Amino acid sequence: MAQRVCLVHYHEIGLKGKNRARFERQLVENLKAALAAFSPCEIRRLSGYILVTFAKQADVPLAHERIRKVPGVARVSLAFLCERNVEQYAAAAVEAMREAEVTGFTTFKVHAKRSNTDYELDTIAINRAVGEVLCEAFPEKKVQMHHPDLVVNVLVVQGSVFVFARHDAGVGGLPVGTAGKVVSLMSSGIDSPVASWKIIRRGAVCVPVHFSGRPQVADTSEYLCQDLVRALEPAGGIGRLYVVPFGDCQREISLACPGALRVIMYRRVMFSVAERIARMEQAKAIVTGESLGQVASQTLENIIAVNEVVDLPVFRPLIGSDKQEIIARAQELGTYGISTETAPDCCTLFMPRRPETHAKLDQVHEAWDAFDHDAMIDHLVDTLEYVDFDSCPSYRAPRALRERHEVLAPR
Ligand code: ATP
Ligand code: MG
């Protein structure tokens, strides 16, 4: 019986011209990390695909599901790996077509491709030989050359023949590690984990930063954030989470500034600290989960009033998304259940009754100068804490912090 393997398709990478080899190498590395928990497997590039072969056949279905979640994967096929033996690969084609019956197809065609011309059968002969066997096995199905419901692929490569009919969609995007590094502001809410995932899917390594209300409130939100990072692990984009105990500073701000502007002050401090972390991490942008008009703080005026404290570009991947769309994605990613557990974080702490919705910049500047924001930002950077995760092969910790690891030790 033919062996089952995974054939990974990655069309977008194919478009990237000279970068292609680098993108493919990164995808292979990321797939290795993603599949580390399975039996030893071999992962290599093969004629426009990435081939994954497993020591234990029982691992294949689960690994196939795991591969679909790796950014850069457009589609995955559970293929049959056969010898150059017509009976064997035609039998595999019958099996592949039987498995595809769940899709309810009625028309099909065989599509043979050879990357080695030293095989005595050409593609027309392969199509005919396999087609005959399939027509006999499935007399109720019809052959159709143009736009058939199902294509049975027969791929002759380097002495082997791969047969596959179905493929399952991957998450698409680009391999993590090909688009640089960003810092993302992560609350324990619904939006920011989705925003982080979106930027990870475009190939960026993401360094989330969470501001908790500790010591004014319990540290529950910090643990929820760790759970969120774990839920995002299949994408392989996060190597470290920073936690900033922010409660005392919020108290200080709430005593010094007009109530209506408090939230904007909190957020200006959060952005400033995130930018400092970005500089240490050599990250080149900041990401938030803001969506225009979703809550009081997310009006254009307020976004401008917060944005002006940083020089790095701020990306807001959800700015044009409706809540329902964000929730649907969060459910798919498995973050929704965690995000809807209630935990007091810095958002719930010292909240004014009527937050400003259309901040005027001169009033914002006056409030900003009512407390020593520079000293506060320095203090917060000095008291940073972090937790490391091992699911992102492209993450490199900043040197400066590596030495201080003991002092800042994760709990
Ligand atoms: P979310 O669902 O991501 O919490 P939200 O709808 O609650 O967003 P806001 O509270 O206005 O909206 O937060 C907007 C963005 O600011 C968040 O998406 C996140 O990027 C950032 N943010 C908010 N609170 C925190 C926090 N405690 N720590 C880090 N970032 C935060
Ligand atoms: Mg929130």
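Enquirer: When you look at the sheet that holds strand β12 (residues 240-245) in this model, what are you seeing that I'm missing?
Expert: Backbone hydrogen bonds hold the strands of a sheet together, and the pairing may be parallel or antiparallel. With respect to topology, six strands assemble into an open sheet ordered β14-β13-β10-β11-β12-β15, the strand pairing being mixed. The outermost strands of the open sheet, each flanked by one partner alone, are β14 (314-315) and β15 (385-388). As paired elements, strand β10 (residues 181-185) and strand β13 (residues 286-287) share two bridges and run parallel to each other. Looking at β13, one finds that serine 184 is bridged to valine 287.

Enquirer: Even after reading the chapter, I still don't get the side chain of serine 254, so can you show me in this structure?
Expert: Inspection of the secondary structure puts serine 254 in helix α8 (residues 247-256). The buried category is assigned to serine 254, whose relative accessible area is 12%.

Enquirer: Mind showing me how you'd approach the packing of helix α6 (residues 191-201) against helix α11 (residues 323-333) here?
Expert: How two helices sit against one another is set out by the angle between their axes and by the gap between those axes. Direction vectors running N to C along α6 and α11 enclose 70 degrees, while the axes themselves pass 9 Å from each other. When the interaxial angle is binned, α6 and α11 end up roughly perpendicular. Between α6, through Asp191, Val194, Trp197 and Arg201, and α11, the contact on the second element is made entirely by Lys323, Ile326, Arg329, Ala330 and Leu333. Classifying every residue of the contact of α6 with α11 gives five nonpolar, no polar and four charged.

Enquirer: Where do I start with the nonpolar core in this structure?
Expert: One recurring pattern in soluble globular proteins is that nonpolar side chains are buried together. Counting 77 residues, the largest nonpolar core has Met265, Val269 and Val273 as its most contacted members. Broken down by element, this core gets its largest block of residues, ten residues, from helix α9 (residues 262-281).

Enquirer: For this particular structure, what's the right way to read a negative patch on the surface?
Expert: On the surface, Asp248, Glu252, Asp372 and Asp374 cluster together to form a negatively charged patch. By the secondary structure assignment, glutamate 252 is in helix α8.

Enquirer: Sorry, what's going on with the confidence of the model for the protein here?
Expert: Predicted coordinates in areas of low pLDDT are best not read in detail. In this model, the protein carries a mean pLDDT of 92, and residues with pLDDT of at least 70 account for 95%. Confidence drops under pLDDT 50 across residues 405-411; counting only partners more than four residues distant or on other chains, this segment forms 16 contacts.

Enquirer: How should I be thinking about the site of ligand 1 in this particular structure?
Expert: In the neighbourhood of ligand 1, 22 residues make up the surrounding shell, with Leu185, Ser187, Asp191, Ser192 and Gln294 lying closest. Between ligand 1 and the protein, one listed contact pairs a nitrogen atom with a backbone N or O atom of methionine 186 at 3.4 Å. Phenylalanine 211 has a polar backbone atom sitting 2.9 Å from a nitrogen atom of ligand 1. Here ligand 1 loses 90% of its free accessible area of 570 Å² to cover by the protein chains. Listing elements by their share of the shell around ligand 1, those giving two or more residues are α6, β11 (205-212) and α9. Sort the elements by how many residues they give to the shell around ligand 1 and β11 lands first, with three residues. Class assignment for the residues of the shell around ligand 1 results in nine nonpolar, nine polar and four charged.

Rules and cut-offs
Residues numbered from 1 in each chain as written. Chains lettered and ligands numbered in written order. Predicted model: local features only at pLDDT ≥ 70, side-chain atom pairs only at ≥ 80, totals over all residues. Heavy atoms only, no water. Pairing = 2+ DSSP bridges. Helix = DSSP H or I, 4+ residues; strand = E, 2+ residues; numbered from the N terminus. Buried < 20%, exposed > 50% of the residue type's maximum accessible area, 1.4 Å probe, protein only. Axes fitted to C-alpha atoms, helices over the stretch in contact; angles between N-to-C directions. Parallel < 35°, antiparallel > 145°, perpendicular 65-115°, else oblique. Contact = heavy atoms within 4.5 Å. Nonpolar A, V, L, I, M, F, W, Y, C, P; charged D, E, K, R; others polar. Core = buried A, V, L, I, M, F, W, Y, C linked by side-chain atoms within 4.5 Å. Patch = residues over 30% accessible without salt bridge, like charges linked within 9 Å, V, L, I, M, F, W, Y side chains within 5 Å. Areas by Shrake-Rupley, 256 points an atom, 1.4 Å probe, with all protein chains shown as cover. Salt bridge = Lys/Arg side-chain N within 4 Å of Asp/Glu carboxyl O. Lys, Arg positive; Asp, Glu negative; His and termini not counted. Charge placed at Lys NZ, Arg CZ, Asp CG, Glu CD. pLDDT = per-residue confidence, 0-100. Near = heavy atom within 4 Å. Polar contact = N/O pair within 3.5 Å; in protein donor to acceptor, adjacent residues only side chain to side chain.

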